[in-house]
Amino acid sequence: MKGNSYKIIAVDFDQTLSYGEYPACGKPNMKLIQYIKELQANGDKIILWTYREGEALEAAVEWCANYGLYFDAVNDNLPAI
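All values derive from a computational prediction rather than experimental measurement.

Draft legend 1. Just the pairing of strand S2 (residues 45–48), in detail. Pairing between strand S1 (residues 8–11) and S2: 4 bridges, direction parallel. If you follow isoleucine 8 over to S2, its bridge partner there is lysine 45. With helix H1 (residues 30–41) bridging S1 and the parallel S2, this β-α-β connection has right-handed handedness. Sheet topology places S2 next to strand S3 (residues 73–74); 2 bridges connect them, and they run parallel.

This is how it looks when you write it as structure tokens:
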């Protein structure tokens with residue numbers, strides 16, 4: 001990744017972005033959500049890295065989108081640039 005000036009940050013969902021108990025999506029950690037959005041605005045790349053899969057994962061991604069948080073990758077590496 002020579003020449004890239006951004007950071008790649010992976011963030012968990014349960015008890016990190018959301019204070020809910022799996023499989024529910026609970027109260028948002030707004031301080032962290034806002035911080036991640038600021039990192040993205042500065043060009044950093046964010047990966048949602050969670051144990052969730054299937055419908056529970058889809059619910060978490062949709063929950064994040066409701067707070068304006070979108071990911072460059074979900075449970076995966078970033079695509080090669």
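Draft legend 2. The packing of aromatic side chains, seen in detail. A complete count under the given rule lists 2 aromatic pairs for this structure. Considering the side-chain rings of phenylalanine 13 and tryptophan 63, the 5.0 Å spacing of their centres and the 90° angle between planes classify their relative orientation as edge-to-face. You can see phenylalanine 13 sitting in the loop between S1 and H1 and its partner tryptophan 63 sitting in helix H2 (residues 54–66), a full 50 residues away along the chain. Phenylalanine 13 gets classed as buried once you look at its relative accessible area, which sits at 0%. Take tryptophan 63: its relative accessible area is 10%, and that puts it in the buried class. Ring geometry for tryptophan 63 versus tyrosine 67: centroids 4.8 Å apart, planes at 55°, classification tilted. Within the aromatic cluster, the residues linked to one another by ring pairs are Phe13, Trp63 and Tyr67. Directly above the ring of tyrosine 6 sits lysine 45, whose terminal nitrogen or CZ lies 5.3 Å from the centroid.

Draft legend 3. Region of the structure containing the nonpolar core. Phe13, Leu17, Cys64, Leu69 and Phe71 are the most contacted members of the largest nonpolar core, which has 14 residues in total. Secondary structure elements with two or more residues in this core: H1, S2 and H2. In terms of residue count, H2 provides more of this core than any other element does, 4 residues in total. Aside from chain neighbours lying at most four places away, what touches leucine 69 is Leu17, Ile33, Ile36, Lys37, Gln40 and Cys64.

The rules behind these values
- Residues numbered from 1 in each chain as written.
- Predicted model: local features only at pLDDT ≥ 70, side-chain atom pairs only at ≥ 80, totals over all residues.
- Heavy atoms only, no water.
- Pairing = 2+ DSSP bridges.
- Helix = DSSP H or I, 4+ residues; strand = E, 2+ residues; numbered from the N terminus.
- Right-handed = clockwise from strand over helix to strand, strands pointing away.
- Phe/Tyr/Trp six-rings, centres within 6.5 Å; stacked < 30°, edge-to-face > 60°.
- Buried < 20%, exposed > 50% of the residue type's maximum accessible area, 1.4 Å probe, protein only.
- Lys NZ or Arg CZ within 6 Å of the ring centre and 35° of its normal.
- Core = buried A, V, L, I, M, F, W, Y, C linked by side-chain atoms within 4.5 Å.
- Contact = heavy atoms within 4.5 Å.

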